[in-house]
Amino acid sequence: MHITLSLLFPILLLAAISSRAATAIPAIPANSHPGHKSTSHKKPSSSSKNAKDDDQPKYFYEAGGSLELGHYDARFFRGVVPYAEHGPALRRLIRSWLATAQELHIEDAWLAHGTLLGWWWNGRVMPWDYDLDVQMPTATLEYLGRFFNRTVHDYRFPVEEGEESGNRKMGVGAGGDIGSGAERGDGVIINAGGVGEGYGYVNKTYLLDVNPHYSDLGRGNGNNVIDARWIDVSTGLFVDITGLAERDPADRPGVWSCKNAHRYRTTELFPIRRTEFEGVPANIPYAFDKILTDEYGAKSLTGTEWAGHHWVPELKEWAKIPEEQPEGDETTLDTQQQDNNTVVVVVEKTVVKGSE
């Protein structure tokens with residue numbers, strides 16, 4: 001695997017970043033940190049050192065307790081994003097984050113966990129991923145919290161060829177029944193601004209939200225192991241942002257960790273390597289292969305079937321394995337009387353398993 005991937009996919013950001021103070025963001029649940037206001041750009045206050053860990057309020061709330069619903073921010077959840085739209089939504093999410101990080105001069109944030117594994121395979125988001133992950137030093141988190149917390153950022157992306165949005169499939173030649181420059185109602189605009197005949201673009205808004213408990217060194221009661229999020233306000237999908245620090249420099253010098261017990265040596269993280277992810281400049285930790293095998297096992301770098309998908313080496317992509325449809329084993333007999341002759345009509349019934 002080359003460290004710097006070739007530019008397989010064009011950068012799909014068509015408009016300059018537009019940042020503005022967040023003024024109309026859904027309120028944080030009442031039992032979360034009371035001092036975090038929507039217009040604040042100051043460093044979030046950390047939890048009281050005298051507070052009991054068990055009483056530490058949760059800051060980020062998810063849409064539900066399942067694996068799928070646990071990857072949507074509750075404030076912006078409007079329903080599960082269908083499989084065909086989930087990949088494009090995550091690609092826009094990570095591209096916008098990476099572009100914003102460059103714009104804000106965040107040079108020491110890197111891809112982590114499943115997102116890093118997706119980079120290793122083909123520089124793309126893995127199609128079964130529910131969310132995205134990046135890491136950075138807690139000092140960088142402090143900078144984000146002090147100057148850019150609760151800001152929203154606007155982007156415009158081309159609709160991907162073959163992308164489905166709602167019940168309509170987008171692609172070359174699509175959109176002919178919608179006027180030039182018309183908005184469909186789901187943020188997709190067709191044939192506008194010279195984007196190209198049959199293509200449209202998507203206007204997206206993302207929120208950078210820093211947890212006021214980001215500076216806590218300990219795990220506490222586990223409610224606030226995520227230090228910040230980059231959130232798609234139209235769907236609730238997000239990038240998890242976690243801070244790393246030397247949390248016990250006296251007894252474990254040179255060991256960096258997050259609040260969720262992921263530990264790394266300084267020499268495994270630094271110097272950061274420059275690369276590309278989803279066609280946008282990105283960073284990865286120095287010993288990416290060791291980090292991946294330590295977290296997921298050696299098979300994660302060689303196994304070609306995962307989560308209902310298989311690796312297609314000719315395309316360098318993961319493809320979904322079609323569900324097998326059970327063969328119908330039921331028949332019905334319809335006896336008809338015609339001209340005093342008995343005609344037996346055999347009707348085959350195929351039982352098709354519905355999507356789960």
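I will try to describe carefully the structure that is included in this document. Owing to the predicted nature of the structure, the values given are computational and were not obtained by experimental measurement.

### Observations concerning the nonpolar core
Here is step 1 of the chain: I94, W97, L111, W230 and I241 are the most contacted members of the largest nonpolar core, which has 54 residues in total.
Here is step 2 of the chain: When residues of this core are assigned to their parent elements, the largest contribution, eight residues, is made by helix 1 (residues 83–103).
Here is step 3 of the chain: Of all hydrophobic cores here, the second largest spans six residues; its members include F76, V152, L207 and F238.

### Things to note about the pairing of strand 18 (residues 317–320)
Here is step 1 of the chain: Pairing of strand 17 (residues 309–312) with strand 18 involves four bridges; the strand directions are antiparallel. Looking across to strand 18, one finds that H309 is bridged to K320.
Here is step 2 of the chain: The antiparallel pairing of strand 17 with strand 18 creates a hairpin that spans four residues between the two strands, and K316 there sits at a positive phi of about 55°.

### Let's talk about the pairing of strand 4 (residues 151–158)
Here is step 1 of the chain: Among the eight residues in strand 4, six count as buried, and that is most of the element.
Here is step 2 of the chain: Bridge count between strand 4 and strand 9 (residues 200–210): eight bridges; the pairing is antiparallel. The residue bridging R156 from the neighbouring strand is N203, located in strand 9.

### Notes on the packing of helix 2 (residues 113–122) against helix 5 (residues 288–296)
Here is step 1 of the chain: The interhelical angle for the contact between helix 2 and helix 5, taken along N-to-C directions, is 125°, at an axis separation of 10 Å. Judged by the angle between their axes, helix 2 and helix 5 are oblique. Handedness of the crossing formed by helix 2 with helix 5: left-handed. Here H113, G114, L116, L117, W119 and W120 of helix 2 lie close against helix 5, whose contacting residues are F288, I291, L292, E295 and Y296.
Here is step 2 of the chain: Along the lines of polarity and charge, the residues of the contact of helix 2 with helix 5 split into eight nonpolar, two polar and one charged.

### What about the sheet that holds strand 17?
Here is step 1 of the chain: On the basis of which strands lie adjacent, the open sheet formed by three strands has the order 16-17-18 and antiparallel pairing. Of all strands in the sheet, those bounded by a partner on one side alone are strand 16 (305–306) and strand 18.

### What about the environment of V134?
Here is step 1 of the chain: Note on placement: V134 falls in strand 3 (residues 132–137).
Here is step 2 of the chain: Of the residues examined, V134 reaches a relative accessible area of 2% and is grouped as buried.
Here is step 3 of the chain: Measuring from C-alpha to C-alpha, the distance between V134 and I284 comes to 9.3 Å, with 150 residues separating the pair along the chain.
Here is step 4 of the chain: If near-sequence neighbours (up to four positions away) are discounted, V134 is found in contact with I94, W97, W110, L111, A112, V239, D240, I241 and T242.

### Some words on the environment of I226
Here is step 1 of the chain: In this fold, I226 is placed in the loop between strand 9 and strand 10 (228–232).
Here is step 2 of the chain: Here I226 falls in the buried class, since its relative accessible area comes to 18%.
Here is step 3 of the chain: Measuring from C-alpha to C-alpha, the distance between I226 and C258 comes to 8.9 Å, with 32 residues separating the pair along the chain.
Here is step 4 of the chain: Residues in contact with I226, not counting those within four places in the same chain, are F60, N211, D240, I241 and T242.

### Remarks on helix 1
Here is step 1 of the chain: For helix 1, spanning 21 residues, the distance from its first C-alpha to its last is 31 Å, which sits close to the expected 30 Å at 1.5 Å a residue.
Here is step 2 of the chain: Most of helix 1 sits out of view: 17 of its 21 residues are buried.
Here is step 3 of the chain: H105, located one to two residues past helix 1, shows a positive phi value of around 65°.

### Overview of the pattern of salt bridges
Here is step 1 of the chain: Scanning the entire structure with this criterion turns up 16 salt bridges.
Here is step 2 of the chain: Between E160 and R91 there is a salt bridge, with the nearest N and O atoms lying 2.9 Å from each other. On the criterion of sequence distance, the pair formed by E160 in the loop between strand 4 and strand 5 (164–165) and R91 in helix 1 is long-range, its members being 69 residues apart.
Here is step 3 of the chain: We note a salt bridge from E142 to R146, for which the minimum N-O separation is 3.0 Å. Taken as a pair, E142 and R146 lie in helix 3 (residues 138–147) at a separation of four residues, close to a single helical turn.
Here is step 4 of the chain: By relative accessible area, R146 is classed as partly exposed at 38%.
Here is step 5 of the chain: Taken together, the salt bridges that share partners define one network made up of R91, R95, R124, E160, E278 and E317.

### Overview of the packing of aromatic side chains
Here is step 1 of the chain: Within this structure, the stated rule accounts for 17 aromatic pairs.
Here is step 2 of the chain: Aromatic side chains Y72 and F77 sit 5.1 Å apart centroid to centroid with 65° between the ring planes, which places their arrangement in the edge-to-face category.
Here is step 3 of the chain: Classification of Y72 by relative accessible area gives buried; the value is 1%.
Here is step 4 of the chain: Residues W121 and W311 carry aromatic rings whose centres are separated by 5.0 Å and whose planes lie at 55° to one another, so their mutual orientation is tilted. With W121 in helix 2 and W311 in strand 17, this residue pair connects regions lying 190 residues apart in the sequence. An identical accessibility class is assigned to W121 and W311; each is buried.
Here is step 5 of the chain: In textbook terms, an aromatic cluster arises when at least three aromatic residues are bridged by ring pairs, as seen for W97, Y155, F157, Y206 and W230.
Here is step 6 of the chain: Across the ring face of F238, the terminal group of R229 is positioned such that the distance to the ring centre comes to 3.8 Å.
Here is step 7 of the chain: Positioned over the ring face of Y83 is K320, at 4.1 Å from the centre of the ring.

Rules and cut-offs
Residues numbered from 1 in each chain as written. Predicted model: local features only at pLDDT ≥ 70, side-chain atom pairs only at ≥ 80, totals over all residues. Heavy atoms only, no water. Core = buried A, V, L, I, M, F, W, Y, C linked by side-chain atoms within 4.5 Å. Buried < 20%, exposed > 50% of the residue type's maximum accessible area, 1.4 Å probe, protein only. Helix = DSSP H or I, 4+ residues; strand = E, 2+ residues; numbered from the N terminus. Pairing = 2+ DSSP bridges. Axes fitted to C-alpha atoms, helices over the stretch in contact; angles between N-to-C directions. Parallel < 35°, antiparallel > 145°, perpendicular 65-115°, else oblique. Left-handed = near helix turned anticlockwise from the far one by under 90°. Contact = heavy atoms within 4.5 Å. Nonpolar A, V, L, I, M, F, W, Y, C, P; charged D, E, K, R; others polar. Expected span 1.5 Å × (residues − 1). Salt bridge = Lys/Arg side-chain N within 4 Å of Asp/Glu carboxyl O. Phe/Tyr/Trp six-rings, centres within 6.5 Å; stacked < 30°, edge-to-face > 60°. Lys NZ or Arg CZ within 6 Å of the ring centre and 35° of its normal.

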